[in-house]
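If you want the building blocks of each chain, they are given just below.
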Amino acid sequence: MRKSAILITGANGEMGQGLITALHKQNNVNIVALDLNPLDDSISMLANEELIGNILDQGLIEQLNGEYEFDTIYHLAALLSTRAEFSPRAAHDVNVGGTLNLLNLAIEQGRSQGNAVKFFFPSSIAVYGFSGLEEKNSASAIKEDSYRNPTTMYGCNKLYCEHLGNYYTNNYQRLGAEKHQHYIDFRSIRFPGIISSKTIPTGGTSDYIPEMLHAAAKGEPYKCFVREDTQLPFMTMPDAISAITTLMDAPVENISRTVYNIRSFAPTAEEFRQRVLAFFPNAEIGFEVTEKRQQMVDSWPADTDDNMAKKDWNWKPTHNLDSGMNDYLVPDLQLMYKN
Ligand code: SER
């Protein structure tokens with residue numbers, strides 16, 4: 001008999017680690033964690049089963065389909081934006097091809113279970129694209145359906161996969177089914193940059209904020225790779241994780257769209273540097289701009305409008321920048337790097 005479970009891909013990534021920790025706290029959740037790398041020691045005991053493998057491996061996908069009955073799939077595995085710019089072909093393979101494999105798995109599972117499989121897909125502010133700084137600066141907090149002209153491979157991949165999620169939802173409906181009776185219940189969030197106290201992202205472009213903070217806490221000098229006036233929306237990792245679980249738990253009737261913006265605060269790089277200095281006054285934080293990465297963030301919005309998420313599933317972050325620093329980031333970092 002197939003085992004009931006939930007599947008998390010990219011389980012050892014920053015978001016995967018946070019999500020496993022949160023889902024483990026819920027009762028009766030059988031977590032199957034899939035990643036290219038072994039799970040970090042801090043979370044390996046929280047997953048019921050750990051699989052090391054590649055989402056492009058068809059044999060592995062078939063094995064998952066044969067052995068498990070997944071009611072929910074959190075498909076987090078991806079190459080982030082800076083890495084994707086260096087290896088666009090590989091990024092497309094993983095970010096698009098991998099997502100297609102997981103969507104097909106969800107459809108197979110939905111068919112055999114006669115039920116909709118819930119599918120979570122993390123999208124990104126990278127789906128938006130401005131032609132340059134002038135357009136970015138003239139736009140106010142942007143809504144989900146505007147400026148979807150990605151300039152990066154990662155942004156193209158994420159936007160296309162959002163569309164694939166819609167396509168799979170609408171084109172695979174149960175025969176004779178009523179409205180909402182699909183094989184897949186695809187839900188997605190366009191995340192801003194995320195700041196975790198426990199991990200540092202690898203290969204992203206919003207990484208300058210978490211890198212700056214962790215370097216300061218460790219007592220290491222840091223050169224920020226974007227200009228002082230660069231502005232993007234951000235949030236803390238606990239808020240990102242609780243957004244995922246809240247959206248996934250929301251009743252289907254409340255969900256009016258497949259993809260939602262969320263955000264918490266939107267400091268410029270210099271404003272964030274000042275916050276960091278308030279806690280770590282000896283931090284050495286300079287600026288040394290990397291042109292390619294600057295161009296990428298100049299094409300992304302300074303802020304987004306998250307009213308749809310507020311309205312449909314009561315999205316509300318617990319942390320603003322002050323409480324995020326005071327109550328979560330700084331105390332954790334001081335503990336982690338105290339030696
Ligand atoms: N944080 C991501 C990155 O920088 C964007 O979603 O790649």
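Residues numbered from 1 in each chain as written. Predicted model: local features only at pLDDT ≥ 70, side-chain atom pairs only at ≥ 80, totals over all residues. Heavy atoms only, no water.

Let us look at the overall build of the protein chain. Counting its secondary structure elements, the protein chain contains 13 helices and 11 strands. On C-alpha atoms alone, the protein chain measures out to a radius of gyration of 20 Å, which is about the 20 Å that the 2.2 N^0.38 rule sets for 339 residues. Put simply, the protein chain has 339 residues, and 55% of those count as buried. Within the protein chain, counting contacts between residues at least 6 apart in sequence, those at least 24 apart form 77% of the total. Here the protein chain displays about 14,900 Å² of accessible surface, and carbon together with sulfur accounts for 47% of that area. The distance from the centre of the 29 positive side-chain charges to the centre of the 42 negative ones in the protein chain is 3 Å. (Helix = DSSP H or I, 4+ residues; strand = E, 2+ residues; numbered from the N terminus. Rg over C-alpha atoms; globule rule 2.2 N^0.38 Å. Buried < 20%, exposed > 50% of the residue type's maximum accessible area, 1.4 Å probe, protein only. Contact = heavy atoms within 4.5 Å. Areas by Shrake-Rupley, 256 points an atom, 1.4 Å probe, with all protein chains shown as cover. Lys, Arg positive; Asp, Glu negative; His and termini not counted. Charge placed at Lys NZ, Arg CZ, Asp CG, Glu CD.)

Before going further, it helps to spend a moment on the state of the cysteines. The full count for this structure, using the stated rule, is zero disulfides. No disulfide involves Cys-161; its sulfur sits 11 Å from the nearest other cysteine sulfur, which is in Cys-156. Residue Cys-161 is classed as buried on the basis of its relative accessible area, which comes to 0%. (Disulfide = S-S within 2.5 Å.)

Along helix H8 (residues 208-218), nine of the 11 residues are buried, which leaves the element largely enclosed by surrounding structure. Of the residues flanking the end of H8, it is Gly-219, one or two places downstream, whose phi is positive at about 80°.

Quick look at the environment of Asn-54 now. If you trace the backbone, Asn-54 turns up in the loop between strand E3 (49-52) and helix H3 (58-67). Under the relative-accessibility criterion, Asn-54 is labelled partly exposed at 33%. With 45 residues separating them in the primary sequence, Asn-54 and Thr-9 have C-alpha atoms 9.3 Å apart. Here Asn-54 is in contact with Leu-36 and Leu-60, once residues within four sequence places are set aside.

This paragraph deals with unusual backbone geometry. We note that Tyr-147 has phi near 50°; this positive angle belongs to a residue other than glycine. Among the structural elements, Tyr-147 can be located in the loop between helix H6 (133-138) and helix H7 (153-171). For Tyr-147, a relative accessible area of 30% corresponds to the partly exposed category.

Per the counting criterion, the structure on display carries 17 salt bridges. Among the ionic pairs, Asp-312 bridges to Lys-311, the shortest N-O distance being 3.8 Å. The exposed category is assigned to Lys-311, whose relative accessible area is 64%. (Salt bridge = Lys/Arg side-chain N within 4 Å of Asp/Glu carboxyl O.)

The sharpest bend along helix H13 (residues 321-336) reaches about 40° and sits at Leu-329, with the proline Pro-331 one to four residues further on. Burial in H13 covers these residues: Leu-321, Ser-323, Gly-324, Met-325, Tyr-328, Leu-329, Val-330 and Leu-333. Residues of H13 that are buried in the fold lie against strand E7 (193-195), H8, strand E9 (234-236), helix H9 (237-249) and helix H10 (269-279). Between the side-chain oxygen of the N-cap and the backbone nitrogen of Asp-322 there are 3.1 Å, and the N-cap of H13 in question is Asn-320. (Bend = angle between axes of the 7 residues up to and from the residue. Polar contact = N/O pair within 3.5 Å; in protein donor to acceptor, adjacent residues only side chain to side chain.)

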